[in-house]
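Chain by chain, the residues run as shown.
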Amino acid sequence: MIYDYLVVGSGLYGSVFAQQATQAGARVMVIEKRPHIGGNCYSHVFEDTNIIVHAYGTHIFHTSDADIWRYVNRFAEFNRYQHRVLTTHRSRVYSMPINLGTINAFYGVSLRPHEVEAFLAARREAIANPRNLEEKAISLIGRDLYEAFIRGYTRKQWGCDPKLLPAGIITRLPVRTSYNDAYFDDLYQGIPVGGYTPMFERLLKGVDVELESDFLADRAYWRARARKIVYTGPLDAYFGYAYGRLNWRSVRFEAQKLASDDFQGTAVMNYADEDVPYTRIHEPKHLHPEARVSPGVSVVVREYSLVDNDRPYYPVNFDEDKEKLARYRALQAGEESTLFGGRLAQYRYYDMHQVIGAALKAAKVELRREQPEAVLPV
Ligand code: UDP
């Protein structure tokens, strides 16, 4: 059988596209290089515990878009988890993102909200047009807070000097003058009860899925199986690295089972200092307060960051990448029977809700073009 779409990659973009196309009556096959579905959202029950672990780091779903929230709720029941992050700096624990509690604890003061602006203004350095992450951070919060909470963490996380990184990365984090320590401001937030994998199983219901299948290893074979390709792998790999490699940040995880009810009292503890080799420790049982977990056992996962272009997770976006990216994007125009989507194929630091939004939009455009008469419910 010739499929209408061969989707390469079973992460969020590929799975949402596959779901939408299947719902519209198209024949869809998904192929996945890894031995499991779900891309970096993949979750599993850890060994002989009943603790759900997000295999590629803590994933919290958050959005303010009611349509996207409604959409994901068709495929999963979400728990009420609200993300809070703590960070350890010189053996003391502070809350992130930087808020009134962080500032007061760090400086040993007891400012009130209306005093924060003047307090920070006296510590900020005037940088008219911040050109990189360091300049941007110093212009927002001053050098002390930057050096304590941002510089070491960012160096560890991105494997380079924050001066080489785009300013935009730091604007992902708000700075608050209140004690609000919620990590996300979005209207809707939660984690699928039972983890992400069952949600992907529901998204991919009725879709043929082949695991451990590498599109790039045998393009001719896979191309012959479908009219169109939806490619969600790395953009540079698709074009055989014709213009060189894009820079990608990668992550390595070390999981460990502990005979302890509670190792750190929270789901994510960041480590701001460079002498600690990992960036953060995840303790997944805190992500699923609704789950019944046997007492006396926990799992902790240490996260290490590295630049590894063979295991791409996050686009880095150095200046050299911008040029390459423009050239690769120009090549895409010649690929009429391939659609490109998701973090890796678009080389964009997408959050989960953004990837879903992009996939829903692309699917709508594509399916309207192919089947103008079909009724397309989202
Ligand atoms: N960041 C930091 N210290 C922290 C947390 C974040 O310096 O304790 C910076 C760091 O540069 C990071 C960016 O803020 O890359 C965005 O953080 P976020 O938590 O959004 O990263 P993600 O969870 O997507 O890896």
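It should be noted that the structure appears before, not after, this text.
Residues numbered from 1 in each chain as written. Predicted model: local features only at pLDDT ≥ 70, side-chain atom pairs only at ≥ 80, totals over all residues. Heavy atoms only, no water.

A. Local environment of the overall build of the protein chain. Within the protein chain, the secondary structure is distributed over twelve helices and 16 strands. Projected onto the principal axes, the alpha-carbon positions of the protein chain cover approximately 70 × 50 × 35 Å. Burial status across the protein chain gives 53% buried among its 378 residues. Long-range pairs, those at least 24 residues apart, make up 71% of the contacts in the protein chain with a sequence separation of at least 6. Total accessible area on the protein chain stands at roughly 17,300 Å², and carbon and sulfur atoms take up 49% of it. In the protein chain, which carries 47 positive and 46 negative side-chain charges, the distance between the mean positions of the two groups comes to 3 Å. (Helix = DSSP H or I, 4+ residues; strand = E, 2+ residues; numbered from the N terminus. Buried < 20%, exposed > 50% of the residue type's maximum accessible area, 1.4 Å probe, protein only. Contact = heavy atoms within 4.5 Å. Areas by Shrake-Rupley, 256 points an atom, 1.4 Å probe, with all protein chains shown as cover. Lys, Arg positive; Asp, Glu negative; His and termini not counted. Charge placed at Lys NZ, Arg CZ, Asp CG, Glu CD.)

B. Inspection of the site of the ligand at higher detail. In the neighbourhood of the ligand, 17 residues make up the surrounding shell, with Thr-154, Gln-157, Trp-158, Tyr-183 and Tyr-349 lying closest. One nitrogen or oxygen atom from the side chain of Arg-280 is found 3.0 Å from an oxygen atom belonging to the ligand. Partitioned by chemical class, the residues of the shell around the ligand number eleven nonpolar, three polar and three charged. (Near = heavy atom within 4 Å. Polar contact = N/O pair within 3.5 Å; in protein donor to acceptor, adjacent residues only side chain to side chain. Nonpolar A, V, L, I, M, F, W, Y, C, P; charged D, E, K, R; others polar.)

C. Representation of the pairing of strand β1 (residues 3-8) in the model. Counting buried residues along β1, six of its six residues qualify, which places the element largely inside the surrounding structure. Inspection of the sheet shows β1 paired to strand β2 (residues 28-31) by four bridges, in the parallel sense. Residue pairing across strands places Val-7 opposite Val-30, the latter belonging to β2. Each parallel crossover has a hand, and for β1 linked through helix α1 (residues 12-23) to β2 it is right-handed. (Pairing = 2+ DSSP bridges. Right-handed = clockwise from strand over helix to strand, strands pointing away.)

D. Local environment of unusual backbone geometry. Omega for the bond connecting Met-96 with Pro-97 falls within 30 degrees of zero, at -10°, which places this linkage in the cis form. Among the secondary structure elements, Pro-97 is positioned in the loop between β7 (92-96) and α3 (100-107). Positive phi values are uncommon outside glycine, yet Glu-212 reaches one of about 50°. Take Glu-212: it is sitting in the loop between β9 (208-210) and α8 (219-223). Judged by its relative accessible area of 61%, Glu-212 is exposed.

Don't take any of this as a statement about function, it's just geometry.
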